[in-house]
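Structural overview
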Amino acid sequence: MSETQHRDHARTQPEIVARIESISDEVDPLWFRRRTLLGALDLEHARPFIPGAVIPDWEPVSDLRGVAKDLYLKALGHLLGHRADLASLVPERLGEYAWLIGGDDAFRAMDEAPYTRYGAPKVRAFATGVGLIWPHDPALERLAAGEPCHPKCSRCLS
Ligand SMILES: [Zn+2]
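Starting afresh in each chain, residues are numbered from 1 along the sequence in its written order. Note on the predicted model: pLDDT of at least 70 is required for a residue's local features to be given, and 80 or more for side-chain atom pairs to be given and counted; whole-chain, interface and lining totals, by contrast, use all residues.

Our focus in this paragraph is the overall build of the protein chain. For helices the rule is a DSSP run of H or I covering at least 4 residues; for strands it is a run of E covering at least 2, with both sets numbered from the N terminus onward. Secondary structure summary: the protein chain contains 11 helices and 0 strands in total. Ordered by position in the sequence, the α and β elements of the protein chain form the string α-α-α-α-α-α-α-α-α-α-α. For the radius of gyration, the atoms used are the C-alpha atoms, and the globule rule reads 2.2 Å times the number of residues raised to 0.38. On C-alpha atoms alone, the protein chain measures out to a radius of gyration of 17 Å, which is about the 15 Å that the 2.2 N^0.38 rule sets for 158 residues. Viewed in the frame of its principal axes, the protein chain has a C-alpha envelope of about 55 × 35 × 25 Å. Buried, partly exposed and exposed are defined by the number of other C-beta atoms within 10 Å of a residue's own C-beta, namely 20 or more, between the two limits, and 12 or fewer respectively, with C-beta atoms placed from the backbone. Here the protein chain holds 158 residues, and the buried ones make up 31% of them.

Below, the structure written as structure tokens:
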């Protein structure tokens, strides 16, 4: 494992617990954000948040960056496929991964990016914040700028 990968686990367990506790049901009714954070906790720290508290094979996500990258690649597919149904909650999860592996600046950049065009500006902010490649794709560039993917795209214009 390289030095870069070690730095993925920049957040301590208590920091992650504190963040989970700071997120209310109002802003995270379905636990998309908190479940993302929960995955980074060991059993000792996760236990208070798990109803029943008996999960013998609980394993924290060992490769947060890899999991985040997989989600990011799926998000790119949702953007290009205009899958509003699938895309809408991805930025919330990517936002927490940005906080976990990219730091406060990465989270803030995503938070400040507008949610438009299936969340494309937020997804691009995620890539930039955590150092993943944003593809040089004209349709993605336009979506991330808040424009239709193509001037005549009927789905973007509807
Ligand atoms: Zn389009």
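The next subject is the nonpolar core. Counting residues in each nonpolar core, the largest one holds 34 residues, and the members touching the most others are L94, A98, M110 and F126. When contributions to this core are tallied by element, the ones reaching two or more residues are helix 2 (13–22), helix 3 (32–38), helix 5 (64–80), helix 7 (90–102), helix 8 (104–112), helix 9 (120–130) and helix 10 (138–144). Of the residues forming this core, the biggest block, 7 residues, is contributed by helix 7. Here the limits of each domain have been adopted from an automatic or database domain assignment. For this core, the domains that each give at least three residues are domain 1 (3–49) and domain 2 (64–157). The contact criterion used here is simple: two residues whose C-beta atoms, placed from the backbone, lie within 7 Å are in contact. Look past the residues within four positions of L94 in its chain and what remains in contact with it is A68, L71, Y72, A75, M110, V123 and F126. In these notes, a nonpolar core means any group of buried Ala, Val, Leu, Ile, Met, Phe, Trp, Tyr and Cys residues linked to one another through C-beta atoms within 7 Å.

The subject of this paragraph is unusual backbone geometry. Despite not being glycine, W31 shows a phi value in the positive range, around 65°. You can call W31 partly exposed: it has 14 C-beta atoms within 10 Å. The phi angle at H82 is positive, at roughly 55°, despite the residue not being glycine. Relative to the helices and strands, H82 resides in the loop between helix 5 and helix 6 (84–87). A tally of 18 C-beta atoms within 10 Å means that H82 is categorised as partly exposed.

This paragraph deals with the environment of I16. Secondary-structure assignment places I16 in helix 2. With residues up to four places along the chain from it excluded, the contact list for I16 reads R11, L37, A40 and L41.

What follows deals with the domain arrangement of the protein chain. Quite often, the size of an interface is put as the accessible area lost when its parts meet. Segmentation of the protein chain into domains returns domain 1 (3–49) and domain 2 (64–157). In this structure, domain 1 and domain 2 have C-alpha centres spaced 21 Å apart. Contact with domain 1, which involves 10 residues of that partner, is made by 11 residues of domain 2. Take the side of domain 1 that touches domain 2: its biggest share by element is 4 residues, from helix 3. Here the side of domain 1 that touches domain 2 is composed, by residue class, of 4 nonpolar, 3 polar and 3 charged. Side-chain classes follow a simple rule in which Ala, Val, Leu, Ile, Met, Phe, Trp, Tyr, Cys and Pro form the nonpolar group, Asp, Glu, Lys and Arg form the charged group, and the remainder, Gly included, forms the polar group.

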